[in-house]
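Listed below, chain by chain, are the residues.
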Amino acid sequence: MSTDTAQDGLLSAGRVGRAHGLDGSFYVTRPRPGVLGVDLTVRLAGRQARVLRCAGTADKPIVAVSGVSGRSAADALRGEDLWVTRDAVPAPGPDEWLAEDLEGCAVTDGETPVGTVKGMMGLPSCEVLEVERAEGGSDLLVPMVSDAIRTIDVAAQRIDIDLAFLGEAG
């Protein structure tokens, strides 16, 4: 994953998985819902490409992109992100956020610093924020539920959580 690309304001639409067939098609791992489709422009391995084919399922899409012909070419790209512009990604609904917008947010319990959001993980029951603690130690996992999170202010890069709900307050 290229942090330069992420800093360019692009978002990942998924990653190149294993090749599918002989024509250069490949599975997409970690697909972002509602993004992949024919004629979508992506940045892949530092160059622009166009999605020529999109098949499979929403959870396990199979795509072919311009400039990738043959199984070995697809295999060589395995693990590369398919980057898209922010406007290619459906806007989040009310009380929804893009994981990229939450990364780097300061996490507090009221005025008490807790840490910084490293990322978001999807667990079977809900998504959780992975928070690197300000005082060190193991990361704190904060479920994305209203009992655990009081407020999220993306503009201010601040998330207020309830440590007592998480069993962390003493």
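Counting its secondary structure elements, the protein chain contains 3 helices and 12 strands. Its C-alpha atoms give the protein chain principal-axis dimensions of roughly 60 × 25 × 25 Å. By the burial criterion, 36% of the 170 residues in the protein chain qualify as buried. Intrachain contacts of the protein chain at a sequence separation of at least 6 include 47% that bridge at least 24 residues. Accessible surface, the protein chain: about 9,500 Å² in total, of which carbon and sulfur atoms supply 49%. Computed over 16 positive and 26 negative side-chain charges, the separation of the two mean positions in the protein chain equals 11 Å.

Let's shift gears to the packing of aromatic side chains. Counting across every chain of the model gives 0 aromatic pairs. Taking the ring centre of Tyr-27 as reference, the NZ or CZ of Lys-60 above it sits at 5.1 Å.

This part takes up the sheet that holds strand E11 (residues 149-153). If you trace the 6 strands from one edge of the open sheet to the other, you get E10-E9-E8-E7-E12-E11, paired in mixed fashion. Edge positions in the sheet fall to strand E10 (140-143) and E11, since each of these pairs with one other strand and no more. Averaged over all neighbouring strand pairs, the angle between strand axes comes to 35 degrees, with direction disregarded. Pairing of strand E7 (residues 106-109) with strand E12 (residues 158-161) involves 3 bridges; the strand directions are parallel. Bridging across to E12, Val-107 finds its partner in Ile-159.

In this structure, Phe-26 and Leu-82 are the most contacted members of the largest nonpolar core, which totals 22 residues. Those elements that place two or more of their residues in this core are strand E1 (11-19), strand E2 (26-29), strand E3 (41-44), strand E4 (47-56), strand E5 (61-65) and strand E6 (81-84). With 4 residues, the top contributor of residues to this core is E1. Among all residues touching Leu-82, those that are not within four sequence positions of it are Leu-11, Ser-12, Ala-13, Gly-14, Val-16, Phe-26, Val-28, Leu-36, Val-42, Arg-43 and Leu-44. Listed in part, the 16 residues of the second largest apolar core include Cys-105, Val-114, Leu-163 and Leu-166.

So, on to the environment of Pro-61. If you trace the backbone, Pro-61 turns up in strand E5. Once the C-alpha coordinates of Pro-61 and Ser-146 are considered, the two residues, 85 residues apart in sequence, prove to be 32 Å apart. What Pro-61 contacts, discounting residues up to four positions off in sequence, is Phe-26, Tyr-27, Val-28, Pro-31, Leu-36 and Ala-55.

About the cut-offs
- Residues numbered from 1 in each chain as written.
- Predicted model: local features only at pLDDT ≥ 70, side-chain atom pairs only at ≥ 80, totals over all residues.
- Heavy atoms only, no water.
- Helix = DSSP H or I, 4+ residues; strand = E, 2+ residues; numbered from the N terminus.
- Buried < 20%, exposed > 50% of the residue type's maximum accessible area, 1.4 Å probe, protein only.
- Contact = heavy atoms within 4.5 Å.
- Areas by Shrake-Rupley, 256 points an atom, 1.4 Å probe, with all protein chains shown as cover.
- Lys, Arg positive; Asp, Glu negative; His and termini not counted.
- Charge placed at Lys NZ, Arg CZ, Asp CG, Glu CD.
- Phe/Tyr/Trp six-rings, centres within 6.5 Å; stacked < 30°, edge-to-face > 60°.
- Lys NZ or Arg CZ within 6 Å of the ring centre and 35° of its normal.
- Pairing = 2+ DSSP bridges.
- Axes fitted to C-alpha atoms, helices over the stretch in contact; angles between N-to-C directions.
- Core = buried A, V, L, I, M, F, W, Y, C linked by side-chain atoms within 4.5 Å.

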